[in-house]
Amino acid sequence: MRLLMTAYRHAHNSDGQLCQDMLTPLLPVALRLLPDDRAELVLSSLRACEIRATLAGAAPGPADVESSFRRWLPRLQAVPEQLAILYADAWHSAMSIGEPALAEALAGAYLNAQLAQASSSTPRDVVHRDRALKLLSSFVERCYGQPSPALFDRLEQRLALSLPPDASPMLLLQRGRSVALRRLGRAQEAWLLIDAAYQLAKSSLRADEVVIAWLASERSMALKELGQIDEAYAAQQAVLAFWQSQGQSPVRVARAATNLSLLALARGDLDAVLRHADLADAETWSDAPSSDPLRREAVPALAAREIALLHRGDATALQRLRLVLEPMGPSYFELNFALEELLLGAERLQDKGTVSWALHALQDHLRLLTGPLQGERALWYQIESRLHPEQAMEATSRALALAATGRAPAQEALVLFDTAHRLPAKDGALAVALYKRGIQAQQRSRQGQRPAELQRASLARFEPYLRAYVVSLLDQGRLKEAEQALDYLQDEEIGSFSRRRRQVQGPSAWLPTMRPNEQEWNRRLDEIGADLLAAAEPMEQQIAAQLPLPDLAAVQAPYAAAALSQAAQRSRVLLSQDLLASSETASEQLPAQLRADEAVLRYFVRPQSVEVLMQLPGQPPTHLALHATRAQLARQIMQLRQNLERADPAALPLLQQLHQQLLEPLRKQFANAAVGVERLSIQSDDLLRYLPWAALHDGERFLVEDYVLAQRGASSQASAASRSTPAGRGAALGVGTTQAHGRHASLPGVAKELAALRAHTGATVLQDAAFNQQSLTRALRQEPRLVHLASHFTLDPAGPQRSALLLGDGSTLSLSELSLLHWTGVELAVLSACDTALNDDASREQGQGLNGLAATLQDAGVRQVLATQWRVSDSAAAEWISQFYATLPPAAIDKALFDPELLAQAQRAWLQLHRHDSGVHPHFWAAYSWYQ
């Protein structure tokens, strides 16, 4: 078989005539090895090669379909299963070119004969009846993947005259119809159809396990389209296990593994994507090109694997993704999302060649698989505006009108963001309006159930545009709106980490405030979209009546063209008029809950500078641009982190440089405050999240010696929720492990930490074997005000599933699982062994996991978090934490008065105690950050 497949692959990659010449001698071998799927593949490929050699690239006509059928009929007379496949090929080939009469002429008699045998009620005909049902199942199965529901409707009419609904061919027919409906975006119809077939099969004595497995597989993919990802994933896992247990062919195993990789990508489980894609890869001859028919089974999985690696920061995955996609035709409907990811990845990595290829490929795909008034067609016109600048205004107007229908909100957001991003600086007001509308569309896309929309709404897609939105606001001096945009950006970054596995994300607590002229602009655009949507409904009924799905590209009825042209004319007027050029300014209200002695500093890192929005007590926001490039900061912070973890004295000069760059210009402004500034609330961005702000040094003193510092770690939604929750009724809880477990070293100092906690707060303590998931769950139900976790905690920027807390019994609890525990009432969570080491590639690392940790716990109910930014030696951590609790005033526990000033007091006391010894190094005391 391996020799057969090797020869087959060489032949398949040749031109039609050479392929035919090479495969013809293999025909007897393939016939002898049937029913192996790979032998069937050789036969199918040989038929395709003959057609390629005959047509030389032209589309087949009725005569070509018939001549190919007649040529193969005598070859396969002795192989009933292959004969059924041949008749099925003739049937759907004729139907796909609009020749139902030819389909009947070629395959009608065969269908009639098999149906007559399959419906026989004579007991002595049982063997013939079972064989006929099997052959009809092969016939129906061969039509699987065809794009036209009408083809299946016609076939069902034929079969239903002779077969009961629970006969295998009838059940498998629903599988094919479900796929065709999914391709048309009719997910609810597909689900109702396939679920009914699956339930019927399970309750029937006629259906065998193989048929049930096929139906279960398609049912899980229909569930995926409805947003029920976890249920779909579990069902597909069962299908894969069944195929593997039955020793089934590579094709079936590969299909299940491919489906699982797509489901895992929708779940955000990148590890599972890679695992399932590797299996699909191995089952489909990993050295074969993706154009190979067997290899095509794994193409969506291979694309998902490269997308997952791109999300992990592997830039080399971009070219591999392109190599996977290049051989595939635009009608391969599973690849729409992959093409979008390729385009956005190429733009992020500034790969102009791949951007150009992806634009053309995606446009071909959208042209073929979307109707003229579908919301997704907006992206086609947006690409058109980029490929043909001379037609940019007309194409952009059409894209905007289609996007305004609101039918594909994630793609609408992409169109709006891209349009705003490409406007010249003089159109800044229009760009802001487009960005704001794009954010609204992004949030709407998270309210639906479709996983495709949820995937397209991710921060990874939109972050460059959201950052450009902040820049646009800063450039126009719209500082209050820029503050709100920075808060939203941070919420998005936190959400991308801490809520990565949520299948349905609710809308953000914040949507951009619209000025009156922006509200009027949006109202007019909404009217355009509503009118176009009303015109789309009768057009789509016409599209649904077409035969094969590729005919969507040809449906250009005058009604649709006229409706879109009229809508585009209205949106073009809206783009060009001066409605948004008003000089009106938004109210610059002071932020709520700003203390009289507090300054709020919002940092925003750009490639060539660092922007700061500073809010001083009693004053409007101030914008300052600091002279520090991102590349320079990456080098400094990477070196600083290494020096801090090693307690290297070389850290001090770097801390002084960073203070001079990031704080000194701001501190000069503090003199303008009505009241002296004593507290700094810092919202870090990008690499600055890895900065120990308390340790920045002005040449004489550390920053914490002058100011109380807190990081703005939680999302606005989480902060509001935790503030409104009353403090817990319990006192304090301490949990930790001192023992070594696997790769995790022992932590003998934890015993000292927990003893100090118990001595100074009367805490309940769970240590070592007593610290497990069940005991932690029970203890949190008591709603302690303070929770101290002293164990190894690995925080991975890849997400909450790869971030885990080591429990005392040697098991682990992922951050996702941790967030599901009862944290209500916890005023302060202290994580004293957190490991958040900077990745080796600091150019891409953005520290989202640091804020993600605090936000995850705060989403779960914790009000504030005290966590370490790097690994501190066990003994030093025990000494510092013991002193922290020793200086904790009783009222902090009794009245839940937890404030970042407690951290500042402890750090100052430490510095006073160790001013003249090695303990003064920030390694020992500055790793601790307070997140509010």
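Parameters at a glance
Residues numbered from 1 in each chain as written. Predicted model: local features only at pLDDT ≥ 70, side-chain atom pairs only at ≥ 80, totals over all residues. Heavy atoms only, no water. Helix = DSSP H or I, 4+ residues; strand = E, 2+ residues; numbered from the N terminus. Buried < 20%, exposed > 50% of the residue type's maximum accessible area, 1.4 Å probe, protein only. Contact = heavy atoms within 4.5 Å. Salt bridge = Lys/Arg side-chain N within 4 Å of Asp/Glu carboxyl O. Core = buried A, V, L, I, M, F, W, Y, C linked by side-chain atoms within 4.5 Å. Expected span 1.5 Å × (residues − 1). Polar contact = N/O pair within 3.5 Å; in protein donor to acceptor, adjacent residues only side chain to side chain. Axes fitted to C-alpha atoms, helices over the stretch in contact; angles between N-to-C directions. Parallel < 35°, antiparallel > 145°, perpendicular 65-115°, else oblique. Left-handed = near helix turned anticlockwise from the far one by under 90°. Nonpolar A, V, L, I, M, F, W, Y, C, P; charged D, E, K, R; others polar. 1 Å grid on protein atoms, 1.4 Å probe; cavity = no way out; pocket = protein on both sides within 12 Å on 5 of 7 lines; lining within 4 Å. Points joined across faces, edges and corners; volume = space filled by probe spheres on them. Phe/Tyr/Trp six-rings, centres within 6.5 Å; stacked < 30°, edge-to-face > 60°. Pairing = 2+ DSSP bridges. Arc of directions from axis to C-beta. pLDDT = per-residue confidence, 0-100.

J.: A description of the overall build of the protein chain should follow, citing residues and the corresponding values.
T.: Scanning the protein chain from terminus to terminus reveals 41 helices and 15 strands. The proportion of buried residues among the 932 residues of the protein chain is 59%. In the protein chain, the share of contacts with a sequence separation of at least 24, taken over all contacts with a separation of at least 6, comes to 72%.

J.: Can you lay out the pattern of salt bridges for me, pointing to particular residues and giving the numbers?
T.: Between side chains of opposite charge, a pair can form as their charged atoms come close. Throughout the structure, instances matching the rule amount to 50 salt bridges. Taking the shortest distance from any N to any O, the salt bridge between Asp269 and Arg267 comes out at 3.9 Å. Given a relative accessible area of 18%, Asp269 falls into the buried group. Judged by its relative accessible area of 11%, Arg267 is buried. We note a salt bridge from Arg437 to Asp526, for which the minimum N-O separation is 2.8 Å. Pair noted here: Arg437 is in helix H24 (residues 428-445) and Asp526 is in helix H28 (residues 516-544), with a separation of 89 residues, a long-range link. Residue classification places Arg437 among the buried residues on the basis of a relative accessible area of 6%. Here Asp526 falls in the partly exposed class, since its relative accessible area comes to 41%. One network of salt bridges, with partners in common, ties together Asp278, Asp281, Arg305, Glu306, Asp314 and Arg320.

J.: Before we move on, could you go through the nonpolar core and cite the residues and values that matter?
T.: Grouped together as the largest cluster of nonpolar side chains are 161 residues, with contacts concentrated most on Trp91, Phe139, Leu155 and Leu159. Setting aside anything within four residues of it in sequence, one finds Leu155 in contact with Trp91, Leu111, Phe139, Val140, Cys143 and Leu173. Grouped together as the second largest cluster of nonpolar side chains are 72 residues, Ala628, Leu658, Leu903 and Phe924 included.

J.: Give a detailed account of helix H20 (residues 352-369), specifying residues and quantitative values.
T.: When the terminal C-alpha atoms of H20 are compared, their 26 Å separation across 18 residues agrees well with the 26 Å that a helix rising 1.5 Å per residue should span. All of the buried residues in H20 are Thr354, Val355, Ala358, Leu359, Ala361, Leu362, Gln363, His365, Leu366, Leu368 and Leu369. Its buried side turned inward, H20 meets helix H18 (317-325), helix H19 (336-348) and helix H21 (377-387).

J.: Tell me about the environment of Asn522, and please be specific about residues and values.
T.: With respect to the helices, strands and loops of the structure, Asn522 is situated in helix H28. Separated by 85 residues in the primary sequence, Asn522 and Arg437 place their C-alpha atoms 7.7 Å from one another. With residues up to four places along the chain from it excluded, the contact list for Asn522 reads Arg437, Gln440 and Met514. In this structure the side chain of Asn522 is engaged in a polar contact, spanning 2.7 Å, whose partner is the side chain of Arg437.

J.: Tell me what's going on with the environment of Met638, and back it up with residues and numbers.
T.: Mapped onto the fold, Met638 is located in helix H30 (residues 630-645). A residue is classified by how much of its surface remains accessible, and Met638, at 16% relative accessible area, is buried. Sequence spacing of Met638 and Leu687 is 49 residues, and the spatial spacing of their C-alpha atoms is 9.2 Å.

J.: Just give me the short version of the packing of helix H10 (residues 168-183) against helix H12 (residues 209-225), but keep the residues and values in it.
T.: At a minimum axis distance of 10 Å, the contact between H10 and H12 shows a crossing angle of 20 degrees. Between H10 and H12, the interaxial angle falls into the category roughly parallel. With respect to the hand of their crossing, H10 and H12 are arranged in left-handed fashion. In this structure, H10 uses Ser168, Leu171, Leu172, Arg175, Ser178, Val179 and Arg182 to contact H12, whose residues at the interface are Val211, Trp214, Leu215, Glu218, Met221, Ala222 and Glu225. The residue makeup of the contact of H10 with H12, split by class, is eight nonpolar, two polar and four charged.

J.: Mind laying out empty space enclosed by the protein, listing which residues take part and the relevant values?
T.: Within this structure, the stated rule accounts for six cavities of 30 Å³ or more. Estimates place the volume of the largest cavity at around 140 Å³. If you trace the largest cavity, you find 18 residues lining it, with Ala694, Leu709, Tyr928, Ser929 and Trp930 closest to the centre. Going through the elements one at a time, strand S5 (708-711), helix H40 (900-913) and strand S15 (928-931) are the ones with two or more residues in the lining of the largest cavity. Within the residue set of the lining of the second largest cavity, elements represented by two or more residues are H19, H21 and helix H23 (409-421). Among the elements that make up the lining of the second largest cavity, the one with the highest residue count is H21 (four residues). Here the residues of the lining of the second largest cavity are counted per class, giving six nonpolar, one polar and three charged.

J.: Help me get a handle on the packing of aromatic side chains, residues and values and all.
T.: To describe a pair of aromatic rings, you give the distance between the ring centres and the angle between the ring planes. Throughout the structure, instances matching the rule amount to 15 aromatic pairs. Their ring planes at 20 degrees and their centres at 5.8 Å tell us that Phe417 and Tyr465 sit as a pair that is stacked. You can see Phe417 sitting in helix H23 and its partner Tyr465 sitting in helix H26 (residues 459-475), a full 48 residues away along the chain. According to the relative accessible area criterion, Tyr465 is buried, its value standing at 6%. With centroids separated by 4.9 Å and ring planes inclined at 35 degrees, the aromatic side chains of Tyr603 and Trp693 adopt a geometry described as tilted. Of this pair, Tyr603 sits in strand S1 (residues 598-605) while Trp693 is found in the loop between strand S4 (679-683) and S5, placing the two residues 90 residues apart along the sequence. Residue Tyr603 shares its accessibility class with Trp693, and that shared class is buried.

J.: Quick one: what's the story with the pairing of S5, residue by residue and with numbers?
T.: Alternating residues of S5 divide into Val708 and Ala710 and Leu709 and Gln711, and every residue in both groups is buried. Across four bridges, S4 lies against S5 in parallel orientation. What sits directly across from Ile682, in S5, is Gln711.

J.: Kindly report on unusual backbone geometry, identifying the contributing residues and their values.
T.: The backbone of Ala647 sits at a positive phi, close to 55 degrees, despite the residue not being glycine. Relative to the helices and strands, Ala647 is located in the loop between H30 and helix H31 (651-662). Overall, the relative accessible area of 27% leaves Ala647 in the partly exposed class.

J.: Run through the packing of helix H17 (residues 299-311) against H19, naming residues and quoting values.
T.: One way to put it is that H17 packs onto H19 with a least axis distance of 10 Å and a crossing angle of 35 degrees. By crossing handedness, the relation of H17 to H19 is classed as left-handed. Where H17 approaches H19, its residues Ala303, Ile307 and His311 are matched on the opposing element by Phe337, Ala338 and Glu341. A per-class count over the contact of H17 with H19 returns four nonpolar, one polar and one charged.

J.: I'd love a proper account of helix H5 (residues 62-72), names of residues and values included.
T.: Within H5, burial applies to Val65, Ser68, Phe69 and Trp72. Considered in projection along H5, the buried side chains sweep an arc of 100 degrees and stay on one side of the axis.

J.: Give a description of the pairing of strand S8 (residues 784-790) that names residues and reports values.
T.: The element S8 is largely enclosed, with a buried count of seven among its seven residues. Examined bridge by bridge, strand S6 (residues 730-736) and S8 share six bridges and lie parallel to one another. Of the residues in S8, the one forming a bridge with Val735 is Leu789.

J.: Can you tell me about the confidence of the model for the protein chain, naming the residues and giving the values?
T.: Looking at the protein chain, the pLDDT average stands at 81 and 78% of residues meet or exceed 70. When the elements of the protein chain are averaged for pLDDT, helix H33 (residues 716-723) gives the smallest value, 50, and H31 the largest, 96. In the predicted structure, residues 547-553 sits below a pLDDT of 50 and forms 23 contacts with residues beyond four places in sequence or in another chain. A low-confidence stretch, residues 836-844 (pLDDT under 50), is modelled with 28 contacts involving residues beyond four sequence positions or located in other chains.

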